[in-house]
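Here are the chains, one letter per residue:
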Amino acid sequence: MKLEILHELNAERAARRPAILVTDTESGEQRLVKAAAFSKDPLRAELEKQLRTGKSASVEAGGKKLFLNVYAPTAKLVIVGAVHISQALAPLARSLGYDVTVVDPRTAFASPERFPDVPLVAEWPDTALPPLNVDAYTAFVAVTHDPKIDDPALLHAFERNCFYIGALGSRKTHAKRGDRLRAQGAKESDIARIHAPIGLAIGAVSPSEIAVAIMAEITAVLRLPPKEKEEAA
Amino acid sequence: MLDRDEDILKAAEDWQKAGRGVALATVVETWGSAPRPAGSSLVINDEGTFLGSVSGGCVEGAVVTEAMDVIQSGKPRMLEFGVADETAWNVGLSCGGTIRVFVEKVA
């Protein structure tokens, strides 16, 4: 690998921008395709598929054997609400490879005894969230059930274009939440992005089961192509 | 990728800039039950220090040896390891899979 390519790749990774390294495994020739340039690339379809699935793979194109090495940022999960569900959700998400942070201004909830080994921020969302660099590779869940905490957090998630946004609450609770967010200037398209009731409908009852339903839904949004995604939701 | 390979590529860049000979070995294809998926990589310097992995530890020794040659010659190489590969490399994957590993110099 040329040092310039390696340097460029490391810069993309540090900035949490996805890129794919294309290597001709016979000649050793290489080029780096940044996500922003996918749509103009002759290998567009292959690049998009590999990025979506997060898998590196060998392909044949134009009589060449090419290896597509996918460098996607580590997915993050921001959990607003240090509640019982979060105690099950945090370790589950970590086992799936997510960098997890729990935010809750209520120190009785956000305590290290309740969340051993999980980064905790016991601050209000307006203070806690900006330093977390919430981005398009972040799944964001709001589970406090308290509008004072969940609502500003959701507004931040809209702004940062999180790939998944979920909020705890029944349809009725969610309808009220929609009204409040609209009153605070949220767009209809943003409100429509919230997965609520949160999680895939698997009949989850216990906090651990709800955590499974949430992670299953996040996985579906991350991995499925757009059409199948709608069917799963 | 959900794997944490970050420090490997960072080390490759740092070692190269510090004047070391550096090679990168990457799993490009797997068949059967391979221990690490395609895209997993191992970085090696000319002192024999390495970081990362391309298998569960079964073939790393052989990859490091080959990488030393690649650092010398500058020519990339494709290695293949399988369970019945005794004639070629004298190492194999105990899990029964087969992997192809692309080894290239960082220059």
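This write-up is about the structure you can find in this document.

Cut-off values and rules
- Residues numbered from 1 in each chain as written.
- Chains lettered and ligands numbered in written order.
- Predicted model: local features only at pLDDT ≥ 70, side-chain atom pairs only at ≥ 80, totals over all residues.
- Helix = DSSP H or I, 4+ residues; strand = E, 2+ residues; numbered from the N terminus.
- Buried ≥ 20, exposed ≤ 12 C-beta atoms within 10 Å, placed from the backbone.
- Contact = placed C-beta atoms within 7 Å.
- Nonpolar A, V, L, I, M, F, W, Y, C, P; charged D, E, K, R; others polar.
- Pairing = 2+ DSSP bridges.
- Axes fitted to C-alpha atoms, helices over the stretch in contact; angles between N-to-C directions.
- Core = buried A, V, L, I, M, F, W, Y, C linked by C-beta atoms within 7 Å.

## Notes on the overall build of chain B
Consideration 1: When you go through chain B residue by residue, the secondary structure sums to three helices and five strands.
Consideration 2: Ordering the α and β elements of chain B from the N terminus gives α-β-β-β-α-β-α-β.
Consideration 3: A burial count over chain B gives 42% of its 107 residues as buried.
Consideration 4: Restricting to contacts in chain B with at least 6 residues of sequence separation, those with at least 24 account for 54%.

## Observations regarding the interface of chain A and chain B
Consideration 1: Opposite the 24 residues of chain A that make contact, chain B presents 22 residues.
Consideration 2: Elements with a minimum of two residues in the side of chain A that touches chain B: α1 (3-14), β3 (57-61) and β4 (64-71) of chain A.
Consideration 3: Looking at which element gives the most residues to the side of chain A that touches chain B, the answer is α1 of chain A, with six residues.
Consideration 4: Residue composition of the side of chain A that touches chain B, grouped by class: ten nonpolar, eleven polar and three charged.

## Points about the sheet that holds strand β2 (residues 30-34) of chain A
Residues and elements named next belong to chain A.
Consideration 1: Here we have four strands laid out as an open sheet, ordered β2-β1-β4-β3, and antiparallel in their pairing. For this open sheet the edge positions go to β2 and β3, each flanked by a neighbour on one side alone. Across the sheet, the mean angle separating the axes of adjacent strands is 30 degrees when strand polarity is ignored.
Consideration 2: One ladder, built from five bridges, connects strand β1 (residues 19-24) with β2; its direction is antiparallel. Considered in β2, the bridge of Ala19 is made with Lys34.
Consideration 3: In this fold α1 packs onto β1, β2 and β4, with an angle of close to 20 degrees to the strand it touches most, β2.
Consideration 4: Sheet contacts for helix α2 (residues 44-53): β1, β2, β3 and β4; angle to β4, the most-contacted strand, approximately 40 degrees.

## Some thoughts on the nonpolar core
Consideration 1: In this structure, Ile79, Val80, Val102, Phe140, Val141 and Ile214 of chain A are the most contacted members of the largest nonpolar core, which totals 50 residues.
Consideration 2: Secondary-structure elements contributing two or more residues to this core are β5 (76-80), α3 (84-95), β6 (99-103), β7 (120-121), β8 (138-142), α5 (147-159), β9 (164-167) and α8 (207-223) of chain A.
Consideration 3: In terms of residue count, α8 of chain A provides more of this core than any other element does, seven residues in total.
Consideration 4: Once you skip the residues sitting within four places of it in the chain, Ile214 of chain A turns out to touch Leu89, Val141, Gly166, Ile198 and Gly199 of chain A.
Consideration 5: Core analysis: the next-biggest nonpolar cluster, separate from the first, contains 42 residues, Val70 of chain A together with Ala23, Ala38 and Val101 of chain B among them.

Shape descriptors only; they carry no functional weight alone.
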